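Understanding the architecture of this molecule
The lines below spell out each chain.
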There are 2 protein chains.
Amino acid sequence: MKFDQWAVRYDIDPDHYKSRIEQLREDLLEQQFRLADSGRPVILVIAGVDGAGKGVLVHRLNEWMDPRRIETNTFWDPSDEEEERPYFWRYWRRLPARGHTGIFLGSWYRQPLQHRVDGTIDDDGLHHAARRIRSFEHQLTADGAILIKLWLHISESTQRRQLEEKAPKTQQNPRVTDNPYELRGLYQPTLEAAARLIQQTQSVECPWHVIDAEDRNSRELTAGEIILGALRARLDSKSASASLATLAAPVDYLAAVPLQKSLSASDYKTRLADNQERLQDLVWRAYRDKRSLVVAFEGWDAAGKGSAIRRVTAAIDPRLYTLVQIAAPSDEEIDYHYLWRFWRRLQRDGRATLFDRSWYGRVLVERVEGFASDAEWQRAYDEINDFERDLVEHGNIVAKFWLHISAEEQLERFQAREKEARKRYKITDEDWRNREKWPAYAAAVNQMVSMTDSKHARWHLIAGNCKRHARVRILETLCETLEKALE
Amino acid sequence: MKFDQWAVRYDIDPDHYKSRIEQLREDLLEQQFRLADSGRPVILVIAGVDGAGKGVLVHRLNEWMDPRRIETNTFWDPSDEEEERPYFWRYWRRLPARGHTGIFLGSWYRQPLQHRVDGTIDDDGLHHAARRIRSFEHQLTADGAILIKLWLHISESTQRRQLEEKAPKTQQNPRVTDNPYELRGLYQPTLEAAARLIQQTQSVECPWHVIDAEDRNSRELTAGEIILGALRARLDSKSASASLATLAAPVDYLAAVPLQKSLSASDYKTRLADNQERLQDLVWRAYRDKRSLVVAFEGWDAAGKGSAIRRVTAAIDPRLYTLVQIAAPSDEEIDYHYLWRFWRRLQRDGRATLFDRSWYGRVLVERVEGFASDAEWQRAYDEINDFERDLVEHGNIVAKFWLHISAEEQLERFQAREKEARKRYKITDEDWRNREKWPAYAAAVNQMVSMTDSKHARWHLIAGNCKRHARVRILETLCETLEKALE
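Everything in this summary refers to the structure shown in the same document. (Residues numbered from 1 in each chain as written. Chains lettered and ligands numbered in written order. Predicted model: local features only at pLDDT ≥ 70, side-chain atom pairs only at ≥ 80, totals over all residues. Heavy atoms only, no water.)

Examining unusual backbone geometry
Worth spelling out the cut-off: Helical segments are the DSSP runs of H or I of at least four residues, strand segments are the runs of E of at least two, and each set is numbered from the N terminus.
Here the phi dihedral of A302 of chain A falls at roughly 70°; this positive angle occurs in a residue that is not glycine. Here A302 of chain A lies in the loop between β6 (293-299) and α12 (305-313).

In structure tokens:
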């Protein structure tokens with residue numbers, strides 16, 4: 001039995017229990033104050049079979065520490081708003097802000113574990129779930145989060161005693177079924193699946209700690225000491241800067257964009273109308289199929305992104321789309337992982353979410369302007385790939401556009417805008433400054449395409465020197481993407 | 001037929017239609033740019049029977065205006081997360097930020113109207129709903145929102161033609177039932193109820209405009225002109241400062257608090273433990289009854305609010321409560337009505353939400369420090385009463401505490417804290433400055449209690465010179481409140 005070998009237990013001299021707890025509490029508070037200044041969140045996963053004392057432990061931790069910076073998150077059945085979004089959405093929305101601690105009961109481990117036990121998934125499915133969890137957790141810790149995972153282990157007979165005899169009915173968590181699946185003869189299969197899942201999600205930065213939870217005092221002390229040790233170790237060390245990935249020398253994708261392409265005014269009119277009608281029907285079809293469309297629009301300044309997006313929104317029933325403008329993050333958003341602000345904007349199943357600038361800012365403006373460190377933007381490629389895969393696995397349809405123009409065309413448009421008083425947006429100094437960094441941006445775009453183009457989330461580089469051509473191509477590409485996905 | 005008399009229609013010379021629309025569009029864009037700078041949101045309600053062309057109109061408005069600052073909100077069936085919160089929560093969460101426009105289809109008018117038609121409520125019920133809507137809308141406009149309400153009116157035969165003949169199936173909103181209740185012979189009753197509701201929610205600041213919607217071009221032009229006129233009128237006028245309410249001379253509630261009350265250490269221990277156990281059971285009972293507890297904690301600096309709250313949280317299962325710290329609003333929150341940041345923190349049915357400082361900041365610190373204008377904090381009493389009534393009508397249990405100490409006691413505690421190195425919070429200069437404003441705060445507290453104490457949301461002024469007494473009294477009061485409500 002693996003858990004019996006794994007389980008840790010701090011022995012206590014009963015005479016010194018009280019003073020030891022007193023000291024532990026003092027030390028935990030100390031670390032909590034350091035945490036507040038560290039700019040790092042703590043994510044504490046508490047797992048174990050029913051009756052292992054998870055709720056009581058959480059209660060105790062809230063007593064020991066300052067509850068003002070702890071949020072306890074319990075995940076019972078998902079709400080319909082949660083079910084209609086990618087799996088990790090319900091966890092992203094509950095992540096603690098920097099300096100805060102989030103306790104997760106019934107975490108992202110619960111569903112794969114249950115599904116393995118009831119046979120919904122096999123070992124391969126469990127393996128797949130573990131891979132997704134690893135990438136989710138890795139994203140969090142790479143961003144500075146301190147992740148601590150505890151499994152409270154009790155024997156089958158202890159569980160039976162806890163659930164059948166001891167718990168007073170009035171104080172019992174009413175969602176704990178009177179007959180949890182471990183009690184239906186599935187204790188062993190549960191632990192076998194859990195052991196597998198723990199092994200597959202064990203790592204230096206996201207370690208599991210299995211605690212012998214037979215005795216309450218010992219269990220709580222052990223958990224407290226483990227948490228204290230983890231906090232100390234992580235707060236003492238600077239967030240280890242990830243070693244830089246070896247980056248593939250990028251192809252010059254931009255050079256290959258056929259910028260000479262153009263479209264006459266009369267062809268434009270017909271093809272625009274045709275594709276708008278086509279898109280309108282397709283988006284309703286996606287709605288009926290409960291498939292969401294997620295589109296990222298990126299491009300050079302003055303490439304015509306705004307007016308191209310207008311041709312797309314004009315085609316979609318306003319009840320079905322949300323247009324999200326991405327600029328600098330708000331002060332609330334700054335307190336989370338940079339992907340948090342995109343997760344929070346995802347709509348329910350069947351809707352279209354159009355991002356005017358997107359999560360690719362991390363590897364474009366944030367990279368070029370130095371707002372993100374080298375380690376941050378380099379690991380962002382994988383994070384973005386994981387994010388988009390989460391969307392696609394849930395059934396979302398993802399498309400990404402880079403609207404490309406030549407440097408000469410941009411200059412002409414800047415100059416035209418400066419002359420034209422009636423244009424409501426002026427060219428700012430910042431636009432001119434960005435223009436000076438054209439080569440750095442071009443390199444970033446090429447690498448972005450190279451690292452994040454994938455079969456399920458394609459990059460479309462659109463020739464934009466002729467606006468008419470660009471608008472129609474974007475509409476056509478969206479229609480093709482939807483048709484293929486809805487087949 | 002009232003609607004036929006009410007309905008407005010702008011006649012159009014077909015030869016000039018195109019140029020007039022061109023001009024309208026230009027003008028609307030102009031107002032939208034002014035709006036962005038005005039710091040005011042626009043709330044556009046679009047109502048009418050099925051088939052009146054609401055969706056098409058919204059589509060057109062998105063084409064005419066800059067869609068980047070328009071959010072369309074469609075309300076079909078409420079999600080379970082919405083059903084488990086007070087009625088207006090689903091609308092609060094979709095309100096547009098300052099400078100933005102929110103279009104509301106299937107707005108807060110839909111449910112009372114449907115319920116009146118299907119007989120769930122009678123005329124009194126409709127009247128009650130109208131009163132709640134008036135106070136909700138008044139809150140928004142008093143805060144600067146520009147509220148425009150359009151009713152698209154069509155005849156019964158036009159509706160039948162629209163729904164049965166014309167709509168191509170693929171582009172049809174699939175949630176529109178094939179047989180809406182107006183088609184089930186209820187067209188007349190629907191319009192009668194709507195006429196009543198419109199009359200009861202008509203006001204200068206929240207006007208209804210009934211539009212003759214028989215003809216599409218005319219309908220869209222009329223709607224556009226009405227919106228343009230409303231925007232111009234409201235953006236030209238400064239937000240009219242509400243005339244100051246006559247405020248009752250307040251009673252000195254604080255003077256009546258029995259500050260001499262105290263509790264011995266041994267009595268404290270017993271009564272604390274007893275009431276914590278009692279509270280624990282009551283909160284689980286409230287959970288099972290799907291009744292939420294909402295508690296506001298206010299009090300003087302150093303009154304012991306934090307440590308009293310810890311005695312409360314220690315009694316409640318961490319899975320059932322959320323502790324919300326209220327400090328200065330974030331930059332996202334600043335962009336909404338000041339109550340928005342409290343609405344967004346409300347938990348689902350059956351949970352406890354504890355606010356450490358609360359919406360009463362508006363009539364306390366914001367009043368005394370001048371962060372809110374006189375008009376703002378004076379109208380806040382009614383806004384707060386409405387807010388708490390919304391909570392109570394949904395079934396929430398509301399309790400409010402002011403933790404009171406004498407000025408002398410505060411001085412002693414400040415001095416003790418300054419001496420005691422181990423206290424992790426220091427006394428700041430701000431604390432001393434606040435202390436100098438004691439009389440102004442005392443006046444604000446007295447008036448707050450006078451204006452917002454009500455049978456369904458009681459103020460409890462707790463004598464806090466003896467911390468033990470205060471902690472036990474808060475626990476006891478919470479228990480009594482819960483017991484009474486759960487009877």
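Let's talk about the pattern of salt bridges
Basically, it comes down to this: When a carboxyl oxygen of Asp or Glu lies within 4 Å of a side-chain nitrogen of Lys or Arg, that pair is called a salt bridge. To sort residues, take the accessible area from a 1.4 Å probe on protein chains only and compare it with the maximum for the residue type: under 20% means buried, over 50% means exposed, and anything in between is partly exposed.
In the structure shown here, the tally under the stated rule is 80 salt bridges over all chains. The shortest N-O distance in the salt bridge between R60 of chain B and E220 of chain B comes to 3.1 Å. One end of the pair, R60 of chain B, is in helix α3 (residues 54-64); the other, E220 of chain B, is in helix α10 (residues 216-236), with 160 residues separating them in the sequence. Assigned by exposure class, R60 of chain B and E220 of chain B land together as buried. The salt bridge involving E383 of chain B is made with R379 of chain B; its shortest N-O contact spans 3.1 Å. Linking E383 of chain B with R379 of chain B, this pair stays in helix α15 (residues 374-394), spanning four residues, or about one helical turn. Taking relative accessible area as the criterion, R379 of chain B reaches 16% and is therefore assigned buried. Overlapping salt bridges bring together R132, D386, R389, D390 and E393 of chain A as one network.

Regarding the relation of the copies chain A and chain B
For these two chain copies, the linking operation is a rotation about an axis paired with a shift along it. To keep things clear, this is the line we draw: Least squares is used to superpose the copies, and the fit set is the C-alpha atoms of residues whose pLDDT is at least 70 in both copies. Contact criterion: two residues are considered in contact whenever any of their non-hydrogen atoms come within 4.5 Å of each other.
When chain A is brought onto chain B, the operation consists of a screw motion whose angular component is 180° and whose axial shift is 0.0 Å, with 0.0 Å RMSD remaining. This pairing of chains is accounted for by a two-fold axis. Comparing interface residues between copies, 100% of those in chain A also lie at the interface in chain B; the contact surface is shared.

Section: the interface of chain A and chain B
Where we set the bar: Using a 1.4 Å probe, buried area is obtained as the accessible area two parts lose upon being combined, added over both of them. Nonpolar residues are Ala, Val, Leu, Ile, Met, Phe, Trp, Tyr, Cys and Pro. Charged residues are Asp, Glu, Lys and Arg, and all others, Gly as well, are polar.
At the interface, 58 residues of chain A touch 58 residues of chain B. Carbon and sulfur atoms supply 46% of the area that chain A and chain B bury against each other, a total of about 5000 Å² over both sides. For the pair chain A and chain B, the interface holds four salt bridges. Note that R344 of chain B is salt-bridged to E332 of chain A, the shortest N-O span being 3.0 Å. Among the elements of the structure, α2 (17-38), α3 (54-64), β2 (70-74), α4 (80-83), α11 (265-288), α12 and β7 (321-325) of chain A are those that each provide at least two residues to the side of chain A that touches chain B. The residue inventory of the side of chain A that touches chain B, partitioned by class, reads 18 nonpolar, 14 polar and 26 charged.

A closer look at the sheet that holds β2 of chain A
Residue and element names in this part refer to chain A. Cut-off, in case you're wondering: At least two bridges found by DSSP between two strands is the condition for calling them paired. Lines are fitted to the C-alpha atoms to define the axes, a helix being fitted only along its stretch in contact, and any angle between axes, read from their N-to-C directions, falls within 0 to 180 degrees.
The strand order across the open sheet built from five strands is β2-β3-β1-β4-β5, with neighbouring strands paired in parallel fashion. Either end of the sheet is taken by a strand with one partner, and the two such strands are β2 and β5 (208-212). Each strand of the sheet is rotated relative to its neighbour by a mean of 20°, with strand direction disregarded. The pairing of strand β1 (residues 42-48) with strand β4 (residues 146-153) spans seven bridges and is classified as parallel. What sits directly across from V42, in β4, is I146. The sheet contacts of helix α10 (residues 216-236) involve β1, β4 and β5, and relative to β4 the element is tilted by about 160°.

What to know about the pairing of strand β4 (residues 146-153) of chain B
Residue and element names in this part refer to chain B. Judged by how many residues are buried, β4 sits mostly within the fold: eight of eight residues are covered. Taken together, the five bridges between β4 and strand β5 (residues 208-212) define a ladder with parallel strand orientation. Paired with H153 across the bridge in β5 is D212.

Quick notes on the nonpolar core
Note the following rule: Throughout this description, the term nonpolar core refers to a set of buried Ala, Val, Leu, Ile, Met, Phe, Trp, Tyr and Cys residues connected via side-chain atoms within 4.5 Å.
W108, W151, L279 and W359 of chain A are the most contacted members of the largest nonpolar core, which has 144 residues in total. In contact with L279 of chain A, other than residues within four places in its own chain, are V312, A315, I316, L475, L478, C479 and L482 of chain A. Of all hydrophobic cores here, the second largest spans 143 residues; its members include L147, L235, W300 and V312 of chain B.

Regarding helix α17 (residues 429-436) of chain B
Residue and element names in this part refer to chain B. Which entries qualify depends on this criterion: Summarising the geometry, the arc corresponds to the directions from the helix axis toward the C-beta atoms.
Listing the buried residues of α17 in full gives D431, N434 and R435. Projection of α17 onto a plane perpendicular to its axis shows the buried side chains occupying an angular sector of 105°, all on one side. Facing away from the buried side of α17 by more than 90 degrees, the exposed set consists of D429 and E436. Packing partners of the buried residues in α17 comprise α16 (407-419) and α18 (438-452).

Observations concerning the sheet that holds strand β9 (residues 397-404) of chain A
Residues and elements named next belong to chain A. Strand order in the open sheet made by the five strands is β7-β8-β6-β9-β10, with parallel pairing throughout. A strand with exactly one partner marks an edge of an open sheet, and here the two such strands are β7 and β10 (457-463). If you compare each strand with its neighbour and ignore which way they point, the axes differ by 20° on average. One ladder, built from seven bridges, connects β6 with β9; its direction is parallel. Within β9, the residue paired with L293 across the bridge is I397.

Remarks on a negative patch on the surface
Going by this rule: Residues with no salt bridge and a relative accessible area higher than 30% make up the patches, which join like charges within 9 Å and nonpolar side chains (Val, Leu, Ile, Met, Phe, Trp, Tyr) within 5 Å. Using a 1.4 Å probe, accessible areas were evaluated by the Shrake-Rupley method; residue-level cover was limited to the displayed protein chains. When charges are counted, Lys and Arg contribute as positive and Asp and Glu as negative, whereas His and the chain ends are disregarded. Working definition for charges: the position is that of NZ of Lys, CZ of Arg, CG of Asp or CD of Glu.
On the surface, a cluster of negative charge is made up of D331 and D335 of chain A together with D331 and D335 of chain B. In this fold, D335 of chain A is placed in the loop between β7 and α13 (340-343).

Focus on the environment of R98 of chain A
Residue and element names in this part refer to chain A. Selection criterion: Here a polar contact means two N or O atoms within 3.5 Å. Within protein one must be a hydrogen donor candidate and the other an acceptor candidate, and residues neighboring in sequence count only if both atoms are side-chain atoms.
In this fold, R98 is placed in the loop between α5 (89-92) and β3 (101-105). Taking the C-alpha atoms as reference, R98 lies 6.4 Å from Y336; in sequence the two are 238 residues apart. At 2.7 Å, the side chain of R98 forms a polar contact with the backbone oxygen of Y336.

Some remarks on the packing of aromatic side chains
This is how it is decided: Only Phe, Tyr and Trp rings take part, Trp by its six-membered ring, and two of them pair if their centres are within 6.5 Å. Stacked means planes under 30 degrees apart, edge-to-face means over 60, and tilted covers everything else. Ring-over charges, as used throughout, are those where CZ of Arg or NZ of Lys falls within 6 Å of the ring centre and within 35 degrees of the ring normal.
The full count for this structure, using the stated rule, is 60 aromatic pairs over all chains. Ring centres of Y336 of chain A and W340 of chain A lie 3.9 Å apart, and the angle between their planes is 5°; on these two criteria the pair is classed as stacked. Summarising the burial analysis for this pair, Y336 of chain A and W340 of chain A share the class buried. Taking the ring centre of W89 of chain B as reference, the NZ or CZ of R85 of chain B above it sits at 4.0 Å. Between R367 of chain B and the ring centre of W377 of chain B, over which it is positioned, the NZ or CZ distance is 4.0 Å.

Interpretation note: all reported values are geometric properties and have no functional meaning in isolation.
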